[in-house]
Amino acid sequence: MQKVHVFSHALGFPDQQRAQMLNMDQVDHINKLIHRAGFTISRVSRELGVDRKTVRKYASRPVQIPETIKVKRNTAAKAFIPAIEDLLHRQTPVTNPKQRLTAKRIHSILLEGREDLELPDAPVPSIRTIERLVRAAREKLNLDRKNALSVRLEHAPGSAQLDFGEIDVFLNGETCRLILLVLTFPHSNYRMAVVLPAQNFECLAYGIKLMFDRIGRVPLRIRFDNMSTAVSLLVPPSKVHEVDNVHDVKDHPRVLTENFRRLQVHYGFKAEFCNPAAGNEKGSVENAVGWIRRNFFVPALRFDGNFAELNNSLMTWLERQAEEPHYKKAPRVIKELFLEDLALMLHLPAADFDPCSWVEATVDNTGFVRVDKNDYQVNAAPGQKVHVCKRWDTLSFYDSDRTLLTSHKRHYGLHKDFIDWKVMLGLLRKKPTSFKDSALAKMLGEATVTYLTGLRAQPRREVLEACYVTLKEGTPIEQICSRLDEAVRRFGHEDLSTLIVGFRGLKDTPTDDRQLMDLPEHLSQPTVPSVSLEPYAGLA
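Being a predicted model, the structure only gives us computed values, none of them experimental.

On to the nonpolar core, then. Judged by nonpolar contacts, the single largest core of 61 residues is most densely connected at Leu162, Phe260 and Leu314. The greatest single-element share of this core, amounting to nine residues, is contributed by helix H7 (residues 201–215). Once residues lying within four places of it in the same chain are set aside, the contact partners of Phe260 are Phe201, Leu204, Phe224, Thr229, Ala230, Phe269, Ala271 and Phe273. Judged by nonpolar contacts, the second largest core, of 29 residues, contains Leu428, Leu452, Ala466 and Cys481.

Structure follows, in C-alpha cells:
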C-alpha cells in the first residue's frame, strides 16, 4: 500500500478524540484517506485524533447543502404548550400592550397550578424554557404586534398626518429637550415641522396655525394618534350609546377635548385617529419625525431661545428638500406633487384663530397663582379669583371685569416661582423688614444685602422706594440690582441721601460724553444789544 503523509495539525484536527463538528476541509481529508488511500476508520481516527464515530459519520454520509430548518425535539416541556396558548388567548381582548402577559408572569401562573388550567402531571420547566415556548406560541397565534402584517395604505391628495416627536438642542451650554410637531402629506411626501417647548394644546394649536398659514391652505383630512391634547376618552364600541358627543362612532369611537373640537371646526378639516398602539397607520409622519431629527438636528444645534428664528430656518430647509425627486415617483419632484395636494385642500378661514385656552385660578396669601405646577405673582388680593389666558409662550391674568392684571412669560419647568417685580417691590417698600428673606435679596450682591439689612426699617424703605420708582420708569430689574450694587460700593460710606441720589444718577451720561446741542441757524450767532449808560452818569 502507498505510504501517505497525514497532516492533521495543518488542518486543525484536535489532539484528543471526541465527537465534534468538522469543517469541509477536514471532511475532504477524511474522505480522501478512506476512499482513495484505503485507510481504515480506526487508523484515520488514530492518526487524526478524531473519534471513530465522527469518522464513520462523515465517511458514510454524502455531502449535502444543509437545511436551515431545525429539527424540533420532543421534550416534556411541550406538554405545557396548550396551557400557555390558553393563557395567551385570554389576554387578546386587552388592547394595551403594556398589560399583556409576559413569559415571567406565565411561568409564575404555571408554578401556582391554577385550577382553571389543564396542566400535565410533570414538573414546570425553567423560566428560559417557558420564554422559548411563549415566543413560539405568540408567533403561531400571530399575537406579536411587531411581526403582524399591516395593510399598505393608499393616500389621496389633500390628506395629511400629524405627530409629535422629541429633539435635543444646546441651550445656555446645557442639553435641552424640545418638541417637534411634524405635518406630512403622504401623497407628495411634502413635510412641514415646527419646534415647540411642550405638547400641550396651546403649542399644538399654535404649531398647526403656523403651518397652515405657511402654505395658505387646510388639509381635507388629518390623521392623529390618540394624543391627550385631542382625545379625552377612548370609547369601547359596546358602550357608544352610553357616552355623549362621540366622534367617529362607526370606526374609531372616542370623545374629543372641547378645545381641539373648536380648532377642528374653525379650520374645517376632518380628524381621523389611529387605533391604539398602531403607529403604522400614520407611517408617513412617523418616518418624517426621525428623518428630520437625523438630518436637521444632528449634530445638536445651539439654540438661543428664539423659536421664531429656528422655525423659519427649519421651514426654509424643508422647502428646499421638497425640490428633490419623490422616492417612488421620480423623476417627479416633491414640490410638483404637492401642487396636487394644494389643489384639493381647503382655503384658510377669513377669521384668524387664537391658539389659547382659559382656566380659572385663585391667588394665594403670598400673591401667587399656580398654573401648571409653577407659581406666578399677580397684582391681586389673596383669595381673589383670576382668569388665566394660556398661550404657548405667555400667561395673561385677568380679573372678573376683563382688566389685565399682569402677564408673564410662560415657563415649562416644574415647581418654580416667577415674580412680578412691580408687585414684589411694592410689597417690600411697605414691609421693609421682609427684605432679608425676599427674592430681591438673592439677586443683589453680598455687600448690598449686608448694607441694607444693617439699616433701620425707615431708611431701608427709602432705598426700596427708589428702586420701585426706577422700575416703574421702565428699567429692568437686573439693571436696577447692578446699579444698587454699584451705588453701595461707591456711596455706602456716605449718608443715605447721597447713596439714593447716586443710585438714581448712575443712569446719567457723564458730562464729557454728552453731545453738543444743535441750535437753529438764526440762533447760532447770538448778538448782544448795545446799551448807553449816559442817562445814569449823573446818579453817581
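Back to the text.
Time to look at helix H3 (residues 52–60). Every buried residue of H3 is accounted for by Thr54, Val55, Tyr58 and Ala59. Each buried residue of H3 lies within a common arc of 125° when the element is viewed along its axis, so the set occupies one face. Seen from the buried face of H3, the exposed residues on the opposite side, beyond 90 degrees, are Lys53 and Ser60. Buried positions along H3 lie against helix H1 (24–36) and helix H2 (41–48). The N-capping residue of H3, defined by a side-chain oxygen 2.9 Å from the backbone nitrogen of Lys53, is Asp51.

Let us look at the side chain of Lys209. Relative to the elements of secondary structure, Lys209 occurs in helix H7. By relative accessible area, Lys209 is classed as buried at 15%. Residues in contact with Lys209, not counting those within four places in the same chain, are Tyr267, Asp352, Phe353 and Pro355.

Our next topic: the state of the cysteines. Counting across every chain of the model gives zero disulfides. Distance from the sulfur of Cys356, which forms no disulfide, to the nearest cysteine sulfur (Cys389) is 4.0 Å. Here Cys467 is not disulfide-linked; the sulfur of Cys481 is the nearest cysteine sulfur, at 7.4 Å.

For the rest of this paragraph, the subject is the confidence of the model for the chain. Overall, the prediction assigns the chain a mean pLDDT of 82, with 83% of residues at 70 or greater. Throughout residues 509–514 the model reports pLDDT below 50, and contacts reaching past four residues in sequence, or to other chains, amount to two contacts.

We now examine the packing of aromatic side chains. Tallying each qualifying case throughout the model produces 19 aromatic pairs. Each ring, one from Phe296 and one from Trp317, has its centre 5.2 Å from the other, and the planes form 50°; the classification is tilted. One end of the pair, Phe296, is in helix H9 (residues 283–296); the other, Trp317, is in helix H10 (residues 307–321), and 21 residues separate them in sequence. Trp317 shares its class with Phe296; the two are buried. One aromatic cluster in this structure is built from Phe212, Phe224, Phe260, Tyr267, Phe269, Phe273 and Phe353. Taking NZ or CZ as reference, Arg191 lies 4.4 Å from the ring centre of Trp291, over its face. The residue whose ring lies beneath Arg429 is Tyr468, and the NZ or CZ to ring-centre distance is 3.9 Å.

Criteria and cut-off values
- Residues numbered from 1 in each chain as written.
- Predicted model: local features only at pLDDT ≥ 70, side-chain atom pairs only at ≥ 80, totals over all residues.
- Heavy atoms only, no water.
- Core = buried A, V, L, I, M, F, W, Y, C linked by side-chain atoms within 4.5 Å.
- Buried < 20%, exposed > 50% of the residue type's maximum accessible area, 1.4 Å probe, protein only.
- Helix = DSSP H or I, 4+ residues; strand = E, 2+ residues; numbered from the N terminus.
- Contact = heavy atoms within 4.5 Å.
- Arc of directions from axis to C-beta.
- Polar contact = N/O pair within 3.5 Å; in protein donor to acceptor, adjacent residues only side chain to side chain.
- Disulfide = S-S within 2.5 Å.
- pLDDT = per-residue confidence, 0-100.
- Phe/Tyr/Trp six-rings, centres within 6.5 Å; stacked < 30°, edge-to-face > 60°.
- Lys NZ or Arg CZ within 6 Å of the ring centre and 35° of its normal.

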